[in-house]
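The chain contents come next:
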Amino acid sequence: MNLAHVLDGLRCASCGTLNALWLDLTRALVECRECGQTALILTDTDEGRPL
């Protein structure tokens, strides 16, 4: 089972390639398939609720 999803319409900030970003929810990161740049994602556990 593959949980990676293509992020359509977005460009890589490093190489500028369009539609090369993949969101991998199991590893909590976004990866560019063109240049290999990765970025960790953070989730909002409070779902935006004020304290």
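Everything below is about the structure printed above this text.
Quick caveat, the model's predicted, so the values are computed rather than measured.

Each value, and the rule that gives it
- Residues numbered from 1 in each chain as written.
- Predicted model: local features only at pLDDT ≥ 70, side-chain atom pairs only at ≥ 80, totals over all residues.
- Heavy atoms only, no water.
- Salt bridge = Lys/Arg side-chain N within 4 Å of Asp/Glu carboxyl O.
- Buried < 20%, exposed > 50% of the residue type's maximum accessible area, 1.4 Å probe, protein only.
- Helix = DSSP H or I, 4+ residues; strand = E, 2+ residues; numbered from the N terminus.
- Polar contact = N/O pair within 3.5 Å; in protein donor to acceptor, adjacent residues only side chain to side chain.
- Pairing = 2+ DSSP bridges.
- Axes fitted to C-alpha atoms, helices over the stretch in contact; angles between N-to-C directions.
- Core = buried A, V, L, I, M, F, W, Y, C linked by side-chain atoms within 4.5 Å.

## Some points on the pattern of salt bridges
Logical step 1: Applying the stated rule across the entire model yields two salt bridges.
Logical step 2: Here arginine 27 ties to glutamate 31 by a salt bridge, and the two come within 3.4 Å at their closest N and O atoms.
Logical step 3: You can call arginine 27 partly exposed: its relative accessible area is 47%.
Logical step 4: You can call glutamate 31 buried: its relative accessible area is 19%.
Logical step 5: Each of Asp24, Arg27 and Glu31 takes part in salt bridges that share partners, so that together they form one network.

## Focus: the side chain of aspartate 24
Logical step 1: One can find aspartate 24 in strand S2 (residues 21-24).
Logical step 2: Given the relative accessible area of 13%, aspartate 24 is considered buried.
Logical step 3: A distance of 2.7 Å separates the side chain of aspartate 24 from the side chain of threonine 26, its partner in a polar contact.

## Digging into the sheet that holds strand S4 (residues 38-40)
Logical step 1: A sheet is described by the order of its strands in space; here four strands give the open sequence S1-S2-S3-S4, paired in antiparallel fashion. Both edges of this open sheet fall to strand S1 (4-6) and S4, since each of them pairs with a single strand only. Strand after strand, the sheet turns through a mean of 20° between neighbouring axes, direction not considered.
Logical step 2: As paired strands, S1 and S2 are joined by three bridges and run antiparallel to one another. Considered in S2, the bridge of valine 6 is made with tryptophan 22.

## Looking at the nonpolar core
Logical step 1: Among the nonpolar cores identified, the biggest contains six residues, and these are Cys12, Ala20, Leu21, Leu23, Val30 and Cys32.
Logical step 2: When residues of this core are traced back to their parent elements, those giving at least two are S2 and strand S3 (29-32).

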